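Structural overview for review
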There are 2 protein chains.
Amino acid sequence: MKMNANYENLQDSYLFARIGQKVREYKAKNPNADVISLGIGDVTLPLAPAVIEAMQRAVAEMAHEKTFRGYGDYQGEIFLREAVQNYYAGKNVQLELDEIFISDGAKSDCGNLLDIFECPCTALIPAPVYPVYVDTNIMAGNRIVYANGSEENHFLPMPDYAVDTNLIYLCSPNNPTGAVYSHAQLEAWVNYALEKDAVILFDGAYEIFVQDELPTSIFQIPRARECAIEICSFSKTAGFTGTRCGYTVIPSALQRGGVSLNKMWLRRQTTKFNGVSYITQRGAEAALSPTGLTQIKENIRYYQQNARLILDAMRARNIPCIGGQNAPYVWLKCPQVASSAETRHTSWAFFDHLLESANIVGTPGEGFGLDGYFRLSAFAKRENVLRAMERFPTA
Amino acid sequence: MKMNANYENLQDSYLFARIGQKVREYKAKNPNADVISLGIGDVTLPLAPAVIEAMQRAVAEMAHEKTFRGYGDYQGEIFLREAVQNYYAGKNVQLELDEIFISDGAKSDCGNLLDIFECPCTALIPAPVYPVYVDTNIMAGNRIVYANGSEENHFLPMPDYAVDTNLIYLCSPNNPTGAVYSHAQLEAWVNYALEKDAVILFDGAYEIFVQDELPTSIFQIPRARECAIEICSFSKTAGFTGTRCGYTVIPSALQRGGVSLNKMWLRRQTTKFNGVSYITQRGAEAALSPTGLTQIKENIRYYQQNARLILDAMRARNIPCIGGQNAPYVWLKCPQVASSAETRHTSWAFFDHLLESANIVGTPGEGFGLDGYFRLSAFAKRENVLRAMERFPTA
């Protein structure tokens, strides 16, 4: 019995597992340290009242034979798919119910979607970006080519027709940079995908944070239905990091080699997945209700204000940075090492420096595929953000 | 972009999705039909009071900042892994906490575990058995060899040393036959796995139904830690078909080619999964508490009594059958076609006959890999089981 040798090409552990371990070790050695996390993108505000109420009601239903729920609809309950359909209608995107697949989160879908493609294949992945795309493609033995973000292109890499690919990952608003593609830029990507017969995996986990006039779904772009899958999450939108719910949209128009990707994903999910908790689905439905949306948007504004504070603090220290306006992340250039005005910290060196000297946890850019930069997240409680910004080292 | 061609080797749809569709169509054409389902193994009794209480408390915690839970422990919360550890101790199996991985269900783990093995490989799968094993191996492009259950071997196939394999699937108590391996038989399988350097994937989803003195975990067998992974579920045990929770046990002693399977699964799950809902985990913890276990065992007894009624009804009709004693399934030989004493129904023909003539839904053996037989499940409400048995056609 041989094990999947592709795993040898991975780092020892998933980025945030490694960071979690380093922080635990630091805290064990320094039990009195007041460590503030602006690291993993974990929300801190509680679930919205409408969500709580819906879940309490759902739990109560599970207590009685007449209202008890067993196995649910493989694609997710109709009530939730209707809520998602409605949410998209509000963004001027019309979806059919059978184009929506409820899941336990975007992270699961991201990795599992690779099942339906012929692997090994080639995946075009931005750098820097959410490490799950690279890691899952390494696990599948896929070849990875990078679309490099840089200060020059404002961390919004564009298609290079000299590069062939089968899959294209786009995350907009981007994790970790907070950069957001314009309508024209996404059209360029759609055209490239159509030309290359590639499929775009569009991660919209942060769409609710967009404040400027920018796309909030790939399906707002003409012809995207012929070449894109959209993956979304309730994690940041509704604070469901510990509750677990997301959805993937696969248009019926999306075909490759005469095969419907929608039908393949249905087959994959009906065979390798058994649906999301009824209780969670009622909570997600409530999050997208008019009352729920009003409540979760208050939380989003709270995080957006945190991001603003972080941005302002970086600028006050002359630390070059982007993001924070349409995303809950600020992406900064690693400051100079104190003793030398020439050399900047590597991102892991800056991670250690920040943790030890200021007791702040961030995420090194190297973990997202681009050293020399660093991500701060805006999900902490306001007082912690304020205290962290006071303590943040000057450049 | 090419799609995974292995999917062309699958049936159009997952067995229970296909059956669900046929039943929906029948009900649409026959809206007054009083259809009773003894088909998909879906529980009908509500969640235990201890579980409900724990989940209500957990939902309430999610409403307040101080007690809100975001991302959880990648392997599952310690409180739940301790409860599982304790449950195993009660079966004389000592586990370490890091050998336990909480998931959203055995079905997910069954399919996803294939990620860590080098595919294509060879999988030895019983016939008949839970269709997920065959389907997921087809999707992975694996070669499948069968361990054939028959009346002769009491549907307990034993190792054939002429057959080489990398993976061995065992489901005991078996779905769909209800047959349970003895200690000696499982030892024989462990010896075979060690000889062949194979890994056993042991599905213990029905262990709680065992009434006779029979093994309830592969780890009750000496040396199983060196060659087996155990996959379990709260679905039938605690009625969590709509709540979603399970766990996989991978002993630290399980290594192949110097690689720890436990570490590989951890890497897989930290990268492609994001944990189980906090609310669900508190419910699962409560299910395994002393009070919870008492309550869920009442439900198990209820289903066991249903199984008894079904067994008795089959015997009263001289329909050869097994199971029902240590599992919530009865496995019967398809009766003769009425007009001819010689020919027996095929299992799909019997499915149609049963649905149309008696308005009862069962599951055809062909869907589990063995035609000529049929499965009835014991999860329906008592009055429905009684009514169905009255209506059940005589042989």
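Since the structure is predicted, the reported quantities are computational estimates derived from the model, not experimental observations. (Residues numbered from 1 in each chain as written. Chains lettered and ligands numbered in written order. Predicted model: local features only at pLDDT ≥ 70, side-chain atom pairs only at ≥ 80, totals over all residues. Heavy atoms only, no water.)

Quick look at the overall build of chain A
- Within chain A, the regular secondary structure consists of 12 helices and 15 strands.
- Taken over C-alpha atoms, the radius of gyration comes to 21 Å for chain A, in line with the 21 Å a tight globule of 395 residues would show.
- Principal-axis analysis of the C-alpha atoms places the extent of chain A at approximately 65 × 55 × 50 Å.
- Taken across its 395 residues, chain A has 63% of its residues classed as buried.
- Considering only intrachain contacts with a sequence separation of at least 6, the fraction spanning at least 24 residues in chain A is 72%.
- Taken together, the 36 basic and 42 acidic charged side chains of chain A have centroids lying 4 Å from each other. (Helix = DSSP H or I, 4+ residues; strand = E, 2+ residues; numbered from the N terminus. Rg over C-alpha atoms; globule rule 2.2 N^0.38 Å. Buried < 20%, exposed > 50% of the residue type's maximum accessible area, 1.4 Å probe, protein only. Contact = heavy atoms within 4.5 Å. Lys, Arg positive; Asp, Glu negative; His and termini not counted. Charge placed at Lys NZ, Arg CZ, Asp CG, Glu CD.)

A closer look at helix H12 (residues 382-391) of chain B
Residues and elements named next belong to chain B.
- By the burial criterion, the buried members of H12 are Arg382, Val385, Ala388 and Met389. Angular distribution of buried residues about the axis of H12 spans 130°; they occupy a single face of the element.
- If you follow the buried residues of H12, they end up packed against strand E1 (36-37), helix H10 (290-316), strand E13 (360-361) and strand E15 (373-377). (Arc of directions from axis to C-beta.)

Concerning the relation of the copies chain B and chain A
- Note on the identical chains: chain B maps onto chain A by a rotation of 180° and an axial translation of 0.0 Å, with an RMSD of 0.0 Å. Here the two chains are linked by the operation of a two-fold rotation axis. Judged by C-alpha distance, Gln56 of chain B is the residue of chain B that lies nearest the rotation axis, at 3.1 Å.
- By residue overlap, the copies meet face to face through one surface: 100% of the interface positions of chain B are interface positions in chain A. (Least-squares fit on C-alpha atoms with pLDDT ≥ 70 in both.)

What to know about the interface of chain B and chain A
- Taken together, the contacts link 78 residues of chain B with 78 residues of chain A.
- Both sides together, the interface formed by chain B and chain A hides about 6600 Å², and carbon and sulfur atoms give 58% of it.
- Viewed at the interface, chain A and chain B are joined by 4 salt bridges.
- The shortest N-O distance in the salt bridge between Glu65 of chain A and Lys381 of chain B comes to 3.8 Å.
- One can count 29 residue pairs in polar contact (both at pLDDT 80 or more) joining chain B with chain A.
- Among the elements of the structure, helix H1 (15-29), helix H2 (49-61), helix H4 (106-112), helix H5 (131-139), helix H7 (235-238), helix H8 (261-272) and helix H9 (278-287) of chain B are those that each provide at least two residues to the side of chain B that touches chain A.
- Here the residues of the side of chain B that touches chain A are counted per class, giving 36 nonpolar, 24 polar and 18 charged. (Buried area = accessible area lost by both parts, 1.4 Å probe. Salt bridge = Lys/Arg side-chain N within 4 Å of Asp/Glu carboxyl O. Polar contact = N/O pair within 3.5 Å; in protein donor to acceptor, adjacent residues only side chain to side chain. Nonpolar A, V, L, I, M, F, W, Y, C, P; charged D, E, K, R; others polar.)

Topic: unusual backbone geometry
Residue and element names in this part refer to chain A.
- At the junction of Ala127 and Pro128, the peptide bond is cis and its omega measures out at 0° in the coordinates.
- Here Pro128 lies in the loop between strand E3 (122-127) and helix H5 (131-139).
- Although it is not a glycine, Asp197 adopts a positive phi angle of roughly 55°.
- Structurally, Asp197 is set in the loop between helix H6 (183-196) and strand E6 (199-203).
- Even without glycine at this site, Asn318 takes up a positive phi of about 55°.

Notes on the packing of aromatic side chains
- As enumerated under the stated definition, the model contains 50 aromatic pairs over all chains in all.
- Plain terms: the ring middles of Tyr14 of chain A and Tyr74 of chain B are 6.3 Å apart, the flat faces sit at 90° to each other, and that makes the pair edge-to-face. Placement of Tyr14 of chain A in the segment before helix H1 (15-29) and of Tyr74 of chain B in the loop between H2 and helix H3 (78-89) is noted, with the two residues assigned to different chains.
- By way of ring pairs, the aromatic residues Tyr14, Phe16, Phe155, Trp331, Phe368 and Tyr373 of chain A together with Tyr74 of chain B are connected into one cluster.
- Note that Arg382 of chain A overlies the ring of Tyr302 of chain A, its terminal NZ or CZ placed 4.5 Å from the centroid.
- The residue whose ring lies beneath Arg282 of chain B is Phe79 of chain B, and the NZ or CZ to ring-centre distance is 3.7 Å. (Phe/Tyr/Trp six-rings, centres within 6.5 Å; stacked < 30°, edge-to-face > 60°. Lys NZ or Arg CZ within 6 Å of the ring centre and 35° of its normal.)

Details of the side chain of Asn306 of chain B
Residue and element names in this part refer to chain B.
- Position of Asn306 relative to the elements: it lies in helix H10.
- We classify Asn306 as buried; its relative accessible area is 0%.
- Engagement of the side chain of Asn306 in a polar contact is seen with the side chain of Arg382, the distance being 2.6 Å.
- Every residue in contact with Asn306, bar those within four places of it in the chain, is listed here: Ala378, Phe379, Ala380, Arg382 and Val385.

Overview of helix H11 (residues 347-358) of chain A
Residues and elements named next belong to chain A.
- When the terminal C-alpha atoms of H11 are compared, their 15 Å separation across 12 residues agrees well with the 16 Å that a helix rising 1.5 Å per residue should span.
- Taken together, the buried positions of H11 are occupied by Ser347, Trp348, Phe350, Phe351, Leu354, Leu355 and Ala358. Down the axis of H11, the sector holding all buried residues measures 160°, keeping them to one side.
- Close packing links the buried residues of H11 with H1, strand E12 (329-333), strand E13 (360-361), strand E14 (363-364), strand E15 (373-377) and helix H12 (382-391).
- Once H11 finishes, Asn359 follows within two positions and takes phi at roughly 55°, a positive value. (Expected span 1.5 Å × (residues − 1).)

Topic: the packing of helix H2 (residues 49-61) of chain A against H2 of chain B
- It is the contact of H2 of chain A with H2 of chain B, at a shortest axis distance of 10 Å, that shows an interaxial angle of 180°. Taken together, H2 of chain A and H2 of chain B sit at an angle that is classed as roughly antiparallel. Contact residues: Ile52, Met55, Gln56, Val59 and Ala60 of chain A in H2 of chain A; Ile52, Met55, Gln56, Val59 and Ala60 of chain B in H2 of chain B.
- The residue makeup of the contact of H2 of chain A with H2 of chain B, split by class, is 8 nonpolar, 2 polar and no charged. (Axes fitted to C-alpha atoms, helices over the stretch in contact; angles between N-to-C directions. Parallel < 35°, antiparallel > 145°, perpendicular 65-115°, else oblique.)

Quick word on the pattern of salt bridges
- For the structure shown, the criterion picks out 36 salt bridges over all chains.
- For Lys333 of chain A, the salt bridge identified is with Glu151 of chain A, shortest N-O distance 2.6 Å. A residue pair is termed long-range when its members are at least 10 positions apart, and Lys333 of chain A in strand E12 and Glu151 of chain A in the loop between strand E4 (143-148) and strand E5 (167-171) qualify at 182 residues.
- The partner of Glu99 of chain B in a salt bridge is Arg225 of chain B, and the shortest N-O contact between them spans 3.7 Å. You can see Glu99 of chain B sitting in the loop between H3 and strand E2 (100-103) and its partner Arg225 of chain B sitting in the loop between strand E6 (199-203) and strand E7 (228-233), a full 126 residues away along the chain.
- For Glu99 of chain B, a relative accessible area of 3% corresponds to the buried category.

Quick notes on the pairing of E15 of chain B
Residues and elements named next belong to chain B.
- Buried residues dominate E15, accounting for 5 of its 5 residues.
- Neither face of E15 is open: one carries Tyr373, Arg375 and Ser377, the other Phe374 and Leu376, and all of them are buried.
- Across 5 bridges, the pairing between strand E12 (residues 329-333) and E15 is antiparallel. The partner of Tyr329 across the bridge, within E15, is Ser377. (Pairing = 2+ DSSP bridges.)

Quick look at the sheet that holds strand E11 (residues 321-323) of chain A
Residues and elements named next belong to chain A.
- Ordered by their spatial adjacency, 4 strands build an open sheet running E11-E12-E15-E14, and the pairing between neighbours is antiparallel. Since the sheet does not close on itself, it has two edges, and those belong to E11 and E14, each with one partner.
- Relative to E15, H11 is tilted by about 45°, and along the sheet it contacts E12, E14 and E15.

Observations regarding the confidence of the model for chain A
- Averaged over every residue, the pLDDT of chain A is 97; the share at 70 or more is 99%.
- Complex prediction metrics read pTM 0.97 and ipTM 0.97. (pLDDT = per-residue confidence, 0-100.)

Some points on the sheet that holds strand E5 (residues 167-171) of chain B
Residues and elements named next belong to chain B.
- Taken in spatial order, the 7 strands line up as E2-E8-E7-E6-E5-E3-E4 in an open sheet, and their pairing is mixed. Each of the sheet's edge strands pairs with one partner strand only, and the pair in question is E2 and strand E4 (143-148). Across this sheet, the average inter-strand angle for adjacent strands is 20°, counted without regard to direction.
- Pairing of E7 with strand E8 (residues 246-249), which is carried by 4 bridges, proceeds in the antiparallel orientation. Among the inter-strand pairings, Ile231 is bridged to a residue of E8, identified as Thr248.
- Running at roughly 165° to E5, helix H6 (residues 183-196) makes contact with strand E3 (122-127), E4, E5 and E6 of the sheet.

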